[in-house]
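Here are the chains, one letter per residue:
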Amino acid sequence: MKILLIIPAYNEEENILNTCNSIEKYNKINNKNIEYVVINDGSTDNTLKVLRENKLNHVNLIKNLGIGGAVQTGYKYAYENGYDIAIQFDGDGQHDVNYVEKICKPIIEGQVDMVIGTRYLNKEESKFQSTFMRRLGSNIISFFIRILCGKKITDPTSGFRAANKNVIEKFAKEYPTEYPEPESTVQLLVNKYKIIEVPVSMNERVGGVSSIRFGKTVDYMVKVVLAIIIDSISFRRKRRKK
Amino acid sequence: MQNSLKIALVVILLIYLFIILKSVKKKNMRINYLIFWSITGIILIIALLVPNFVDNVSKFLGFELPINMIFSFAIFIALYLIFDLTKLITKEQNNNITLIQEISMLKKRIDELERKNKNN
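Residues numbered from 1 in each chain as written. Chains lettered and ligands numbered in written order. Predicted model: local features only at pLDDT ≥ 70, side-chain atom pairs only at ≥ 80, totals over all residues. Heavy atoms only, no water.

### Some thoughts on the sheet that holds strand 4 (residues 85-88) of chain A
Residues and elements named next belong to chain A.
- A sheet is described by the order of its strands in space; here seven strands give the open sequence 3-2-1-4-6-5-7, paired in mixed fashion. Single-partner strands in this sheet number two, and they are strand 3 (58-60) and strand 7 (195-199). Direction aside, the axes of adjacent strands within the sheet are offset by 20° on average.
- Across six bridges, strand 1 (residues 3-9) lies against strand 2 (residues 35-40) in parallel orientation. Paired with Leu4 across the two strands is Glu35, which belongs to strand 2. (Pairing = 2+ DSSP bridges. Helix = DSSP H or I, 4+ residues; strand = E, 2+ residues; numbered from the N terminus. Axes fitted to C-alpha atoms, helices over the stretch in contact; angles between N-to-C directions.)

This is the structure we're talking about:
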């Protein structure tokens, strides 16, 4: 099983080295061989310098694409290099590499196509539950996903997700770049891919700036809901034609 | 309309058509858009030169005032054009994303191969 961690990084000079070191340390202790690729999304700080000096495996995007475009680059990389599992993993220290095994297990056992690491499924597991606004947003999105696809996803904006080979191939070819996490979840669900959630713990950000600005939360919510409604409609029509 | 004004407008429209042709020649505009813009120019010249053209057409189509017809046509055409351009921009954005991704990955690949060569 070749496992790849996709680490999108935008202005993460403070965190990225720690994140990569924690993966290497995890590999040493557990005698595993989890590979990673950092996608430097046109950072304006010294992220690229840190990546080069420490010889971390990375792809340097020549222009800033946003999180969706960066993550898709990771999936393309995984697809071209024949990885069996690709895991999205934040470069800012929010995600814990110790959960990688847990999040991969359902895929290795062949039960599902995608596993989403969620903060909300098991309250004891995760100390960091994130802010009220963000939780409210997640609840609204998850409500709409439940109506449109009939499946409960408690943490649709989670950036900690594992995908199997089929999903990697699909994402490499086509990935929503505007609101990547919720939209891609809906697209997978309407195309009958199997998704489950696994409770994980997430830490508070150590440094850097979150990609979601809270002043824009309402605007974001409206657009996400619209996007997932459109996704579910157009894909259903396509299925009927077949 | 006074003749002097008419002549002035026709001259402006001819200059406009000339500019369109020139920009296509200089590869600043695609033939696709040349057709659209030159047709609007030609229609305007016809409307200017044929007596009572605007009045008759607007009466025929049932507009109360000729100016209403002109405004509605102008707005419809402008909306269509903006819609078309929005579509085009989105398409180009998507192409751009793909290009940036592929180029960045190729650069990585080249770097790796160069390093391998150096080591050998």
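### Let's talk about the pairing of strand 2 of chain A
Residues and elements named next belong to chain A.
- Buried residues dominate strand 2, accounting for five of its six residues.
- Taken together, strand 1, helix 1 (residues 16-30) and strand 2 constitute a β-α-β crossover, and its handedness is right-handed.
- Note that strand 2 and strand 3 share three bridges and pair parallel. Opposite Val38, over in strand 3, you have His58 as the bridge partner.
- Handedness of the crossover joining strand 2 and strand 3 through helix 2 (residues 47-53) is recorded here as right-handed. (Buried < 20%, exposed > 50% of the residue type's maximum accessible area, 1.4 Å probe, protein only. Right-handed = clockwise from strand over helix to strand, strands pointing away.)

### Quick word on the nonpolar core
All names here are of chain A.
- Counting 40 residues, the largest nonpolar core has Tyr75 and Met114 as the members making the most contacts within it.
- The greatest single-element share of this core, amounting to six residues, is contributed by helix 8 (residues 217-241).
- Sequence-distant contacts of Met114, that is, excluding residues within four places in its chain, are made with Tyr75, Ile107, Arg161, Ala162, Ala163, Val167, Phe171, Leu188, Lys194, Ile195 and Ile196.
- Formed by 30 residues, the second largest nonpolar core is a distinct cluster that contains Leu51, Leu56, Tyr99 and Val200. (Core = buried A, V, L, I, M, F, W, Y, C linked by side-chain atoms within 4.5 Å. Contact = heavy atoms within 4.5 Å.)

### Points about the packing of helix 2 (residues 31-49) of chain B against helix 4 (residues 66-119) of chain B
Residues and elements named next belong to chain B.
- Packing of helix 2 against helix 4 brings their axes to within 13 Å, and their N-to-C directions diverge by 170°. As far as their axial angle goes, helix 4 and helix 2 are roughly antiparallel. Contacts between helix 2 and helix 4 involve Tyr33, Phe36 and Trp37 from the former and Ile77, Leu81, Asp84 and Leu88 from the latter.
- Taken together, the residues of the contact of helix 2 with helix 4 break down into six nonpolar, no polar and one charged. (Parallel < 35°, antiparallel > 145°, perpendicular 65-115°, else oblique. Nonpolar A, V, L, I, M, F, W, Y, C, P; charged D, E, K, R; others polar.)

### Topic: the interface of chain A and chain B
- The interface is formed by 15 residues belonging to chain A together with 11 residues belonging to chain B.
- Of all residues in chain A, Ile62, Leu65 and Lys76 of chain A bury the most surface against chain B, accounting for 44% of the area lost on that side.
- If you look at where chain A meets chain B, you find one salt bridge.
- Across the pair Lys76 of chain A and Glu102 of chain B runs a salt bridge whose closest N-O atoms are separated by 3.5 Å.
- Applying the counting rule to chain A against chain B returns nine residue pairs in polar contact (both at pLDDT 80 or more).
- At the level of elements, strand 3 and helix 3 (67-80) of chain A are the ones that each hand at least two residues to the side of chain A that touches chain B. (Buried area = accessible area lost by both parts, 1.4 Å probe. Salt bridge = Lys/Arg side-chain N within 4 Å of Asp/Glu carboxyl O. Polar contact = N/O pair within 3.5 Å; in protein donor to acceptor, adjacent residues only side chain to side chain.)

### Examining the domain arrangement of chain B
- Parsing chain B into structural domains produces domain 1 (1-50) and domain 2 (65-120).
- Look at where the C-alpha atoms of domain 1 of chain B and domain 2 of chain B centre, and you get two points 29 Å apart. (Domains from an automatic or database assignment.)

### Looking at a nonpolar patch on the surface
Residue and element names in this part refer to chain B.
- There is a patch of nonpolar side chains on the surface, built from Phe60, Leu61, Leu65, Ile67, Ile70, Phe71, Phe73, Ile75, Phe76, Ile77 and Leu79 and spanning about 1200 Å² of accessible area.
- Elements with a contribution of two residues or more to the nonpolar patch: helix 3 (53-61) and helix 4.
- With eight residues, helix 4 is the single largest residue contributor to the nonpolar patch.
- Residue position: Leu65 is located in the loop between helix 3 and helix 4. (Patch = residues over 30% accessible without salt bridge, like charges linked within 9 Å, V, L, I, M, F, W, Y side chains within 5 Å. Areas by Shrake-Rupley, 256 points an atom, 1.4 Å probe, with all protein chains shown as cover.)

### Focus on the pairing of strand 7 of chain A
All names here are of chain A.
- Across the five residues of strand 7, four count as buried, placing the element largely inside the fold.
- Note that strand 5 (residues 114-118) and strand 7 share five bridges and pair parallel. Residue Val115 lies in a different strand from strand 7, and its bridge partner there is Ile196.

### Thoughts on the pattern of salt bridges
- Summed over all chains, the structure comprises nine salt bridges over all chains.
- Arg119 of chain A is the salt-bridge partner of Asp155 of chain A, the closest N and O atoms lying 3.0 Å from each other. Note that Asp155 of chain A is positioned in the loop between helix 5 (132-149) and strand 6 (161-163) and Arg119 of chain A in the loop between strand 5 and helix 5, a separation of 36 residues in sequence.
- The class for Asp155 of chain A is buried, based on a relative accessible area of 0%.
- Measuring nitrogen to oxygen at the nearest pair gives 3.2 Å for the salt bridge that ties Glu112 of chain B to Lys108 of chain B. Remark: Lys108 of chain B and Glu112 of chain B occur in helix 4; sequence separation between them is four residues, near one turn of the helix.

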